[in-house]
Amino acid sequence: MVDTADESRLHSLKHDIDTFFSALHSSYEVVRLFESEYRPVLAPDFCVFDYIDPGEETLSDILRDLLDPSGQHAQGRVFLDLFIADVLTARPEQIEALIEALRAGKVDVSREVSAGPMGRIDIVLTVNGPGPEYGVLIENKPWALEQDAQLDRYRRYGESRFPHNRFILVFLGGNVEEPSSMDRHIAARLECEGRLKIAWYSRELATWLARCAAAARSDHVRDFLNDFSSYIKNEFPGVRDES
């Protein structure tokens, strides 16, 4: 037999549950009404990349154009500066040397740069100034597997093309597997020296695109970046920052 105290507690519990679900239903109705009103304006599920289904070459073309201060985005060096801060994150002295070169030099961003017998590098950013040139070599691997000794070949090209170690080699991967085309001891040393950066679409690139969208002064460019960012997050779920 349920005593009066237990019956009172059950009644109170039932009242709390009813109140909770009533509030939940009201919140749902508010969200539903809001969505029905603003969905035609916001079109939250629309993304141009769902239609064009870009391949590796197209992604590299987009990245090259965004990194080019003279690109059609008309945002100057904003995206490049954010790339240095959000993706490279090399040793401070390496970034300082690159930033100093950018202050005094002219930037050239090229696609499919021939490294002679060592292959072709997806994107090469070269800073030409009064001092020695500085290079950022980007190997874009959203889906494809690495070729034999690919990163090691590009590392040797960087050392011959940009004396005094004035280069950073970037491996931009779509999956979360560490690159295997360079001896791991050499790779560890280069990472420690700030001359090799392993970056992922789902982490560094996603962060960079979000920051670019926030910094863009053009609505047109911002909309494109937001679409590109949504595509990256859906296509490459990968890893996320744990912070």
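Just so it is clear, the model here is predicted, and its values are computed rather than measured.

Definitions and cut-offs
Residues numbered from 1 in each chain as written. Predicted model: local features only at pLDDT ≥ 70, side-chain atom pairs only at ≥ 80, totals over all residues. Heavy atoms only, no water. Helix = DSSP H or I, 4+ residues; strand = E, 2+ residues; numbered from the N terminus. Buried < 20%, exposed > 50% of the residue type's maximum accessible area, 1.4 Å probe, protein only. Contact = heavy atoms within 4.5 Å. Areas by Shrake-Rupley, 256 points an atom, 1.4 Å probe, with all protein chains shown as cover. Pairing = 2+ DSSP bridges. Axes fitted to C-alpha atoms, helices over the stretch in contact; angles between N-to-C directions. Parallel < 35°, antiparallel > 145°, perpendicular 65-115°, else oblique. Left-handed = near helix turned anticlockwise from the far one by under 90°. Nonpolar A, V, L, I, M, F, W, Y, C, P; charged D, E, K, R; others polar. pLDDT = per-residue confidence, 0-100. Core = buried A, V, L, I, M, F, W, Y, C linked by side-chain atoms within 4.5 Å. Phe/Tyr/Trp six-rings, centres within 6.5 Å; stacked < 30°, edge-to-face > 60°. Lys NZ or Arg CZ within 6 Å of the ring centre and 35° of its normal. Expected span 1.5 Å × (residues − 1). Polar contact = N/O pair within 3.5 Å; in protein donor to acceptor, adjacent residues only side chain to side chain.

Quick notes on the overall build of the protein
In terms of helices and strands, the protein carries nine helices and five strands. When the helices and strands of the protein are placed in sequence order, the string is α-α-α-α-α-β-β-β-α-β-α-β-α-α. In the protein, buried positions account for 41% of the 243 residues. Across the protein, contacts joining residues at least 24 apart in sequence account for 67% of those joining residues at least 6 apart. As displayed, the protein has an accessible area near 14000 Å², and 54% of this comes from carbon and sulfur atoms.

Some thoughts on the sheet that holds strand 4 (residues 167-173)
Spatial ordering of the open sheet is given by 1-2-3-4-5, a layout of five strands whose pairing is mixed. Taken across any chain shown, the strands that pair with only one partner, and hence form the sheet edges, are strand 1 (106-114) and strand 5 (196-200). Strand-to-strand twist of the sheet, defined as the mean angle between neighbouring strand axes without regard to direction, takes the value 20 degrees. Pairing analysis gives five bridges linking strand 4 to strand 5, with the strands arranged parallel.

Focus: the packing of helix 3 (residues 56-67) against helix 9 (residues 219-235)
The geometry of helix 3 relative to helix 9 is characterised by a closest axis approach of 13 Å and an angle of 140 degrees between their N-to-C directions. Comparing their axes, helix 9 and helix 3 come out oblique. For the pair helix 3 and helix 9, the sense of crossing is left-handed. Mapping the contact onto sequence places Leu59, Ile62, Leu63 and Leu66 in helix 3 and Phe224, Leu225, Phe228 and Tyr231 in helix 9. When grouped by side-chain class, the residues that make up the contact of helix 3 with helix 9 number eight nonpolar, no polar and no charged.

Points about the side chain of Arg64
The residue Arg64 is located in helix 3 in this model. Apart from residues no more than four positions distant in its own chain, Arg64 is found in contact with Val109, Ser110, Arg111 and Ile123.

Points about the confidence of the model for the protein
Per-residue confidence for the protein averages 83 on the pLDDT scale, and 80% of its residues sit at or above 70. Least confident of the elements in the protein is helix 1 (residues 4-42), whose mean pLDDT is 66; most confident is helix 3, at 95.

Considering the nonpolar core
Membership of the largest hydrophobic core comes to 42 residues, with the highest contact counts inside it found for Trp208, Leu225 and Phe228. Excluding residues within four positions of it along the chain, Trp208 makes contact with Leu63, Leu66, Leu67, Phe79, Leu82, Phe83, Asp86 and Val87. Among the nonpolar cores identified, the runner-up in size contains 18 residues, and Val124, Leu137, Met182 and Ile198 belong to it.

Observations concerning the packing of aromatic side chains
Under the criterion given, the structure shown has five aromatic pairs. Note on Tyr201 and Phe236: the rings are 4.5 Å apart at their centroids and 40 degrees apart in plane angle, and the pair reads as tilted. A residue pair is termed long-range when its members are at least 10 positions apart, and Tyr201 in helix 8 (residues 201-215) and Phe236 in the segment after helix 9 qualify at 35 residues. Note on Phe224 and Phe228: the rings are 6.1 Å apart at their centroids and 35 degrees apart in plane angle, and the pair reads as tilted. One end of the pair, Phe224, and the other, Phe228, are both in helix 9, four residues apart, so they sit about a helical turn from each other. Here a set of aromatic residues connected by ring pairs shows up, and it is made of Trp143, Tyr201 and Phe236. Between Arg161 and the ring centre of Phe162, over which it is positioned, the NZ or CZ distance is 4.6 Å.

Side note on the pairing of strand 5
Most of strand 5 sits inside the fold, with five of its five residues counted as buried. Because side chains alternate across strand 5, one face comprises the buried residues Leu196, Ile198 and Trp200, and the other comprises Lys197 and Ala199, equally buried.

Quick notes on helix 9
A rise of 1.5 Å per residue sets the reference length of helix 9, with its 17 residues, at 24 Å; its end C-alpha atoms lie 24 Å apart and thus fit the reference within 8%. Taken together, the buried positions of helix 9 are Val221, Leu225, Asp227, Phe228, Ser229, Tyr231 and Ile232. If you follow the buried residues of helix 9, they end up packed against helix 2 (49-52), helix 3, helix 4 (78-88) and helix 8. The N-cap of helix 9, judged by a side-chain oxygen 3.3 Å from the amide nitrogen of His220 a few residues on, is Ser218.

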